Amino acid sequence: MVEILSRPEYEKEVANTRDDRMAWWRDARFGMFIHFGAHTLLGRNEWVMAIENWDIGEYEDVARQFKPEPGCTREWAKLAAEAGMKYMVLTTRHHEGFSLWDSQVNPYNVVAHSGGFDIVKEFVESCHEFGLRVGFYFSLMDWHHPDSWRCAFDPEARARFQDFLTGMLKELLGGAYGKIDILWYDVSRPMESHEGWGSLQMNQMVRDLQPDIIINNRSKLDEDFSTPEERLTAAEGKDWEACMTFNRISWGYLDSAQAAPYSYNSHGILRMLHTVCESGGNLLLNIGPRPDGGVPPESIEPLQTVGRWLEVYGDAAVYGRLTPGQVSRASGTGRFTQRGNKLYFWQFIHSDQLIFGGFETKLKSIRLLPDRTPLDFTQTQRQIVVEPPSPDQYDSIVNITVFELEFEEMPVHHRCSAYPQLHLGEELLK
Ligand code: GLC
């Protein structure tokens, strides 16, 4: 039995180990989210059971048909690795309450109920095969278990439901699936507080089972990182990961006719990745596999293309420790990521004029990636004007060329040197 620490003691202990536990995650930047479950068969959003008010028995009949092809998780992991992603997070149980592993605690699972295979087990093996870190999404809300909603007003139901959750967490994290890197809780209804969920006890148990694990903020405790959803907004002073659907509509499977027109292309994915890197976050990009487990076709080519681009530019401009958000707009054709004295300029719009404004620090060199070919430039008080490369030197993968600007010291940038009232504000006021 773990000795239960008070909240301040617990949070202090978790904070003390955070830098070590999260080192890999902070360098990783890019991961794959997988929403998979009985909802996949209906193909109308993972909330379908609640939205369409399905009867539990009828939904159980749907779940009984859930028989993806063995080997499908390998396909996801292979694509994630090809895309330059470093970790994966699978919905081991979504709100429908159906478990994707061979659970003794929850008979409503893919093996006992549907006669299928242990998807979680295969998923973990596939992640290992492709060198990816392993994350488990785990819904606290449950539309299937009879005690779930009763929790809110019935203490006995709540005790039983907590035992049920704890039992499942022990199965997932107690060693049967080896080392698990991320626990990704979701939706804490109906208990809207950490006390209601017993999250302090629950998460201390989790950390006892998996000392290096990283936990998200959705069990009503802040834990290790926050999770902006469908938006790329930095969390102040905290680690954060933006989770995004691929098609802007649904996490769970939608057929391609519905999803393809709204799906991101490779350029769009790289824009998202840039936004999180610029502000020091990670991107967890979702796919909702088909009922047989196959990857939705509209995700394949864009992700592979992103992977080819990251292969060339990722080490310089994406992976590893970046300096968040010092320089924002210094050119009309792209944006930056930063690593100390070096800025990486991602040119999103092709232009053969390359001009940067507002830098006060002396530029040492500007080089074209990936070969680091030096380019001539002149720097005046207002502008850095660069001799553009020849057209065949621009990026041919997605047309996002990256330039490395190395400054003599940490670059100081004035956002709007063209607006003297901002630059000279103090003098104007006098
Ligand atoms: C939401 C939804 C859910 C999805 C999740 C991903 O909270 O309830 O369907 O799994 O976000 O972030």
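In this text, all values refer to a predicted model and were calculated from it rather than measured experimentally. (Residues numbered from 1 in each chain as written. Predicted model: local features only at pLDDT ≥ 70, side-chain atom pairs only at ≥ 80, totals over all residues. Heavy atoms only, no water.)

A word on the domain arrangement of the protein
Argument step 1. We note that the domain assignment places domain 1 (7-312) and domain 2 (334-422) within the protein.
Argument step 2. On a C-alpha basis, the centres of domain 1 and domain 2 stand 38 Å from each other.
Argument step 3. Facing eleven residues of domain 1, the contacting portion of domain 2 comprises twelve residues.
Argument step 4. Buried surface at the junction of domain 1 and domain 2, both sides included, amounts to about 1200 Å², of which 74% is carbon and sulfur.
Argument step 5. Run the count over domain 1 and domain 2 and you get one salt bridge.
Argument step 6. Where Arg335 meets Glu278, a salt bridge forms, and the shortest distance between an N and an O atom there is 2.9 Å.
Argument step 7. Linking domain 1 with domain 2 are three residue pairs in polar contact (both at pLDDT 80 or more), by the criterion used here.
Argument step 8. When residues of the side of domain 1 that touches domain 2 are assigned to their parent elements, the largest contribution, seven residues, is made by helix α11 (residues 266-278).
Argument step 9. Among the residues forming the side of domain 1 that touches domain 2, the class breakdown is four nonpolar, four polar and three charged. (Domains from an automatic or database assignment. Contact = heavy atoms within 4.5 Å. Buried area = accessible area lost by both parts, 1.4 Å probe. Salt bridge = Lys/Arg side-chain N within 4 Å of Asp/Glu carboxyl O. Polar contact = N/O pair within 3.5 Å; in protein donor to acceptor, adjacent residues only side chain to side chain. Helix = DSSP H or I, 4+ residues; strand = E, 2+ residues; numbered from the N terminus. Nonpolar A, V, L, I, M, F, W, Y, C, P; charged D, E, K, R; others polar.)

Considerations on the sheet that holds strand β4 (residues 182-186)
Argument step 1. Taken together, the seven strands give an open sheet; going across it, the order is β5-β4-β3-β2-β1-β7-β6, and neighbouring strands pair in parallel fashion. Because the sheet does not close on itself, it has two edges, and the strands there are β5 (214-215) and β6 (241-244).
Argument step 2. Here five bridges tie strand β3 (residues 133-139) to β4, and the two strands are oriented parallel to one another. The residue of β4 that forms the bridge with Phe138 is Tyr185. (Pairing = 2+ DSSP bridges.)

Description of the pattern of salt bridges
Argument step 1. The tally for this structure, following the rule as stated, stands at 25 salt bridges.
Argument step 2. Taking the shortest distance from any N to any O, the salt bridge between Arg26 and Asp19 comes out at 2.8 Å.
Argument step 3. Residue Arg26 is classed as buried on the basis of its relative accessible area of 16%.
Argument step 4. In this structure, Glu406 engages Lys364 in a salt bridge whose closest nitrogen and oxygen atoms are separated by 3.6 Å. Residue Glu406 is found in strand β15 (residues 401-407), and its partner Lys364 is found in strand β11 (residues 363-368); the two are separated by 42 residues along the sequence. (Buried < 20%, exposed > 50% of the residue type's maximum accessible area, 1.4 Å probe, protein only.)

Brief notes about the nonpolar core
Argument step 1. Of all hydrophobic cores here, the largest spans 91 residues; its most connected members are Met32, Trp76, Met88, Phe136, Leu285, Leu303 and Trp309.
Argument step 2. Beyond its immediate sequence surroundings of up to four residues, Leu303 is in contact with Met32, Leu79, Glu82, Ala83, Met85, Phe246, Ile269, Leu285 and Ile287.
Argument step 3. Counting 18 residues, the second-largest nonpolar core is a separate cluster that includes Phe345, Phe359, Leu375 and Leu405. (Core = buried A, V, L, I, M, F, W, Y, C linked by side-chain atoms within 4.5 Å.)

What about the environment of Ser351?
Argument step 1. Looking at the secondary structure, you find Ser351 in the loop between β9 (342-347) and β10 (354-357).
Argument step 2. Under the relative-accessibility criterion, Ser351 is labelled buried at 17%.
Argument step 3. Along the sequence, Ser351 and Pro388 sit 37 residues apart, while their C-alpha atoms lie 8.8 Å from each other.
Argument step 4. Among all residues touching Ser351, those that are not within four sequence positions of it are Thr333 and Tyr394.

Focus: the packing of helix α7 (residues 155-173) against helix α9 (residues 199-209)
Argument step 1. In the contact formed by α7 and α9, the axes pass within 10 Å of each other and the chain directions differ by 15°. Regarding the angle of α7 to α9, the classification is roughly parallel. Judged by the twist between their axes, the crossing of α7 over α9 is right-handed. Residues Thr166, Leu169, Lys170 and Leu173 of α7 pack against Met202, Met205, Val206 and Leu209 of α9.
Argument step 2. Looking at the contact of α7 with α9 residue by residue, the classes come out as six nonpolar, one polar and one charged. (Axes fitted to C-alpha atoms, helices over the stretch in contact; angles between N-to-C directions. Parallel < 35°, antiparallel > 145°, perpendicular 65-115°, else oblique. Left-handed = near helix turned anticlockwise from the far one by under 90°.)

Re the sheet that holds β15
Argument step 1. Strand order in the open sheet made by the five strands is β8-β9-β15-β11-β12, with antiparallel pairing throughout. This sheet does not close on itself; its edge strands, each paired only once, are β8 (334-339) and β12 (373-375). Here the strands of the sheet are splayed against their neighbours by 30° on average, with no regard to which way each runs.
Argument step 2. Along the sheet, helix α12 (residues 297-317) contacts β8, β9 and β15; its crossing angle with β8, the most-contacted strand, is approximately 55°.

Points about the site of the ligand
Argument step 1. Surveying the vicinity of the ligand reveals 14 residues, the closest of which are His35, Glu46, Trp47, His94 and His95.
Argument step 2. One of the side-chain nitrogen or oxygen atoms of Trp47 is found 2.8 Å away from an oxygen atom of the ligand.
Argument step 3. Side-chain polar atom of Tyr137 to an oxygen atom of the ligand: 3.4 Å apart, as the coordinates give it.
Argument step 4. Across the complex, the protein chains shield 92% of the 310 Å² of accessible surface that the ligand would expose by itself.
Argument step 5. Within the shell around the ligand, the residues separate by chemical class into seven nonpolar, three polar and four charged. (Near = heavy atom within 4 Å. Areas by Shrake-Rupley, 256 points an atom, 1.4 Å probe, with all protein chains shown as cover.)

Here we look at the packing of aromatic side chains
Argument step 1. Going through the model one piece at a time under the given rule, you end up with 25 aromatic pairs.
Argument step 2. On the numbers, 5.2 Å between centres and 85° between planes, the contact of Phe36 with Trp76 is edge-to-face. With Phe36 in the loop between β1 (30-34) and α2 (39-42) and Trp76 in helix α5 (residues 72-82), this residue pair connects regions lying 40 residues apart in the sequence. Judged on exposure class, the residue Phe36 and its partner Trp76 are both buried.
Argument step 3. Ring centres 6.2 Å apart and planes at 85° place the aromatic pair Phe336 and Phe359 in the edge-to-face group. In this pair, Phe336 is assigned in strand β8 and Phe359 in the loop between β10 and β11, connecting sequence segments 23 residues apart.
Argument step 4. Sitting over the ring of Tyr319, Lys86 keeps its end group 4.4 Å from the ring centre. (Phe/Tyr/Trp six-rings, centres within 6.5 Å; stacked < 30°, edge-to-face > 60°. Lys NZ or Arg CZ within 6 Å of the ring centre and 35° of its normal.)

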